[in-house]
Amino acid sequence: MPRTPALATAALIAAAIGAAGIASAQDKAPPSVKARNHLMHVNGFAMGILGGMAKGEVEYDAALAASAAQNMHAMAMLDVVALWPEGTEQGAAKTSRSKAEIWSDMDGFKAGFDSMREATATLVEAAGTDLETLRGAMGPVGKSCGDCHETYRGPKDK
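A brief structural summary. Keep in mind it's a predicted model, so treat the numbers as computed, not measured.

Brief notes about helix 2 (residues 31-55)
- Along its 25 residues, helix 2 runs 35 Å from first to last C-alpha, staying within 8% of the 36 Å computed at 1.5 Å per residue.
- Residue Gly-56 follows helix 2 closely and has a positive phi angle near 80°.

Given below as structure tokens:
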């Protein structure tokens with residue numbers, strides 16, 4: 001049976017969450033923190049594929065670009081409340097880099113995810129068409145990631 005991007009995305013998310021559960025038993029980080037850490041790594045991997053193509057460092061591949069964009073959009077569609085429960089901020093939960101501002105400004109945090117959802121939906125439409133269209137759709141995705149990280153992500157090793 002051919003693998004579809006939706007199946008690949010579902011498998012990717014299930015593997016990340018499963019790995020998060022296994023890892024949490026080993027290092028005592030809450031499962032929600034491990035899940036979101038793994039998902040952000042997978043998101044970064046997809047962004048690396050797309051960014052490499054956009055910068056000309058990697059040959060443009062329409063199918064791979066479309067798959068990476070779909071994976072990013074699928075992750076943007078996840079429920080932020082389930083992944084960021086109260087009490088999992090940096091300093092309170094092992095391996096968390098989430099600032100307390102997430103919970104004092106949950107509406108703003110959710111709005112950041114709305115921005116990511118919109119940007120990645122556009123990216124899904126653009127990624128598999130051609131390189132120039134992909135490049136044009138990358139800016140809003142990078143901006144939504146950067147804005148959220150700047151506001152709601154703490155420094156490493158705090």
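After presenting the structure, the write-up continues.
Comments concerning the packing of helix 2 against helix 7 (residues 131-152)
- At a closest axis distance of 10 Å, the pairing of helix 2 and helix 7 adopts a crossing angle of 145°. Of the two possible hands of crossing, helix 2 and helix 7 adopt the one that is left-handed. On helix 7, the residues touching Met-40, Met-47, Leu-50, Gly-51, Met-53, Ala-54 and Lys-55 of helix 2 are Leu-131, Leu-134, Arg-135, Met-138, Val-141, Gly-142 and His-149.
- For the contact of helix 2 with helix 7, the per-class residue count stands at nine nonpolar, three polar and two charged.

Description of the pattern of salt bridges
- Enumeration over the complete set of coordinates arrives at three salt bridges.
- A salt bridge links Asp-114 to Arg-117, with the shortest nitrogen-to-oxygen separation between them at 2.9 Å. One end of the pair is Asp-114 and the other is Arg-117, both in helix 6 (residues 106-127) and three residues apart, which spans about a single turn.
- Its salt-bridge partner being Asp-147, residue Lys-143 comes within 2.8 Å of it at the nearest N-O pair. Of this pair, Lys-143 and Asp-147 are both found in helix 7, four residues apart, which corresponds to roughly one turn of the helix.

Concerning unusual backbone geometry
- Here the phi dihedral of Thr-95 falls at roughly 70°; this positive angle occurs in a residue that is not glycine.
- Residue placement: Thr-95 occurs in the loop between helix 4 (80-83) and helix 5 (101-104).

Considerations on helix 3 (residues 62-76)
- Its 15 residues place the ends of helix 3 21 Å apart at the C-alpha level, agreeing with the 21 Å of an ideal helix rising 1.5 Å per residue.
- For helix 3, every residue scored as buried is listed here: Ala-65, Ala-66, Ala-68, Ala-69, Asn-71, Met-72, Met-75 and Ala-76.
- Its side-chain oxygen at 3.0 Å from the backbone nitrogen of Ala-63, Asp-61 defines the N-terminal cap of helix 3.

Here is what the cut-offs are and how they apply
- Residues numbered from 1 in each chain as written.
- Predicted model: local features only at pLDDT ≥ 70, side-chain atom pairs only at ≥ 80, totals over all residues.
- Heavy atoms only, no water.
- Helix = DSSP H or I, 4+ residues; strand = E, 2+ residues; numbered from the N terminus.
- Expected span 1.5 Å × (residues − 1).
- Axes fitted to C-alpha atoms, helices over the stretch in contact; angles between N-to-C directions.
- Left-handed = near helix turned anticlockwise from the far one by under 90°.
- Contact = heavy atoms within 4.5 Å.
- Nonpolar A, V, L, I, M, F, W, Y, C, P; charged D, E, K, R; others polar.
- Salt bridge = Lys/Arg side-chain N within 4 Å of Asp/Glu carboxyl O.
- Buried < 20%, exposed > 50% of the residue type's maximum accessible area, 1.4 Å probe, protein only.
- Polar contact = N/O pair within 3.5 Å; in protein donor to acceptor, adjacent residues only side chain to side chain.

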